[in-house]
Amino acid sequence: MKFATAIIIGAGQSGLAMSWHLSARSIDHVVLERGEVANSWLTERWDSLRLLTPNWQTRLPGYAYSGDDPDGFMTMPDVIRFLQRYASFSSAPIVTGARVTRVRQREGGYEVETNLGPWRCRKLVVATGACNIASVPSLAADLPARVASLTPLQYRNPAVLPDGGVMVVGASASGIQLAREIRAAGRRVVLCVGEHVRMPRSYRLRDIQWWMDVIGAMDVRYDTMIEDIERARRLPSLQLVGTPERVTVNLNSLRKAGVELVGRLVGLCDGKAQFSGSLANHCALADLKLNRLLASIDDWVNSSGLAKQFPAPHRFEPTDVGSETRLSLDLIEAGIGSVIWATGYRPDYSWLDVPVLDRKGRIRHDGGIVAAPGMYVMGLPFMRRRKSSFIDGAGDDAADLSAHMSQNLNRAAA
Ligand SMILES: Cc1cc2nc3c(=O)[nH]c(=O)nc-3n(C[C@H](O)[C@H](O)[C@H](O)COP(=O)(O)OP(=O)(O)OC[C@H]3O[C@@H](n4cnc5c(N)ncnc54)[C@H](O)[C@@H]3O)c2cc1C
């Protein structure tokens, strides 16, 4: 059996950032990765996807984007190259093709079973990602057999879809991007819209991510939240897309492009989809929250005395869902050939044989420090900071958690 003081499972940005910090602290470790470096970006994303975070924000400990297009958005091959270069730059001790099949608690640490044999460690970092499985609502089982059912993890491009219209369920980052692309390919698209976070690509001539960065919104810590942190962790992703044209994609632009907006999908019965009547309310709430964010940006500009450097504040037109939105749709009659469940993602801990999961299967942790001795998790939404699940968030979280691990090891040695 092989031994390392610490084992990191997963060689995405979270695992690599943690490896960089463990190396900096001379903590001997290994990164076990079931596929290749950046495996999720390599195997689980659709063809046209670009990051929705700008290139300047693609930064990891000791390493950052250094090309000539800081305001551009990376394609998937760019992201994969970036992470592969980071892995060799940081000399991360990665074992690729090592799938972890079981983790059990043992005296003083953990036993990690893999397809390449067992390992033992004292400290374990779960960096296996927050988006391993698509969260598909149970009503998907009631879809007529003739209608194909797929998730964003399976979707690649419009050509792979069966003929006919497409119903996209969910209007967050994945849902709006897929609805836009599939509609542009000439298909009928019906988009089911529930709670969502409306976001302009830019405001007062700066990218919205730039504003969120400078006003400190992305750095807000989990332990300083006044609102319910569990709710903040479950918030849908931002309605944003990264394109060379820097377009804003929202429900207004999708509707103009011919996408039909309907409310949240609440039922499927005899081939008929039923939608909630809450569409207008969800949109009004999203508009309200957007205006609140813009107001906090304006406040920050005024209080920093920088008002002259930016154009005057303005507001975006409210979401217009039209006067008549349908409450049901016969999928077969309407020629819907496929449904895409853009209803979120969740982690896969089927290999984790340690009692740290709550009844919903979520790992119990305090800012990434798991409720089991010497175990840490990385990359979960709002784990330590609002940016925890973003590329830009991995560095700060890894710095904090590696410091905790190091203190713990030093205490044990003393
Ligand atoms: C569609 C989509 C778009 C996104 N766009 C952006 C964006 O624009 N900007 C941004 O900052 N973030 C974005 N994110 C969020 C986030 O950056 C990604 O989800 C990112 O992949 C998370 O990195 P990670 O290292 O935490 O997890 P992952 O990248 O998922 O890495 C986990 C690794 O663990 C490995 N693994 C899993 N299970 C095992 C096992 N049992 N044994 C061994 N290895 C295992 C996987 O193969 C994988 O390589 C996006 C997410 C999605 C889903």
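Residues numbered from 1 in each chain as written. Predicted model: local features only at pLDDT ≥ 70, side-chain atom pairs only at ≥ 80, totals over all residues. Heavy atoms only, no water.

**A closer look at the pattern of salt bridges**
Evaluation of the coordinates by the stated rule reveals 27 salt bridges. A salt bridge links Arg-34 to Glu-44, with the nearest nitrogen and oxygen atoms 3.8 Å apart. Residue Arg-34 is found in the loop between β2 (29–32) and α2 (39–43), and its partner Glu-44 is found in the loop between α2 and β3 (59–60); the two are separated by 10 residues along the sequence. Exposure remark for Arg-34: the relative accessible area of 35% places this residue in the partly exposed category. A salt bridge links Asp-392 to Arg-59, with the shortest nitrogen-to-oxygen separation between them at 2.7 Å. Placement of the pair is Asp-392 in the loop between β25 (375–377) and α9 (394–413) and Arg-59 in strand β3, with a sequence separation of 333 residues. Classification of Arg-59 as partly exposed rests on a relative accessible area of 28%. One salt-bridge network, in which partners are shared between bridges, spans Arg-221, Asp-223, Arg-384, Arg-385, Asp-397 and Asp-400. (Salt bridge = Lys/Arg side-chain N within 4 Å of Asp/Glu carboxyl O. Helix = DSSP H or I, 4+ residues; strand = E, 2+ residues; numbered from the N terminus. Buried < 20%, exposed > 50% of the residue type's maximum accessible area, 1.4 Å probe, protein only.)

**Some remarks on the site of the ligand**
Close contacts around the ligand come from 30 residues, with Ser-14, Glu-33, Ser-40, Leu-52 and Thr-53 the closest. The contact in question runs from an oxygen atom of the ligand to an N or O atom on the side chain of Glu-33, over 2.6 Å. Backbone polar atom of Leu-52 to an oxygen atom of the ligand: 2.6 Å apart, as the coordinates give it. Here the ligand has 980 Å² of accessible area as a free molecule, and 93% of this is covered by the chains. Of all elements in the fold, only α1 (13–24) and α2 reach the threshold of two or more residues within the shell around the ligand. Looking at which element gives the most residues to the shell around the ligand, the answer is α2, with 3 residues. (Near = heavy atom within 4 Å. Polar contact = N/O pair within 3.5 Å; in protein donor to acceptor, adjacent residues only side chain to side chain. Areas by Shrake-Rupley, 256 points an atom, 1.4 Å probe, with all protein chains shown as cover.)

**Observations regarding helix α4 (residues 173–184)**
Under the 1.5 Å per step criterion, the end-to-end length of α4 is 17 Å for 12 residues, consistent within 8% with the ideal 16 Å. Most of α4 sits out of view: 9 of its 12 residues are buried. Along α4, the residues that are buried comprise Ala-173, Ser-174, Gly-175, Ile-176, Gln-177, Leu-178, Ala-179, Glu-181 and Ile-182. Taken together, the buried residues of α4 touch β11 (165–169), β12 (189–192), β16 (238–239), α7 (251–256), β21 (336–341) and β22 (345–346). Where α4 terminates, the next one or two residues include Gly-186, which has phi positive at roughly 95°. (Expected span 1.5 Å × (residues − 1). Contact = heavy atoms within 4.5 Å.)

**Topic: the environment of Tyr-155**
Structurally, the position occupied by Tyr-155 is in the loop between β10 (148–150) and β11. Under the relative-accessibility criterion, Tyr-155 is labelled buried at 0%. For the pair formed by Tyr-155 and Leu-178, sequence separation is 23 residues and the distance between their alpha carbons is 8.9 Å. Those residues in contact with Tyr-155 that sit more than four places away from it in its chain are Trp-46, Leu-150, Leu-161, Leu-178, Glu-181, Ile-182 and Ile-340. Polar contacts involving the side chain of Tyr-155 include one to the side chain of Glu-181, which spans 2.5 Å.

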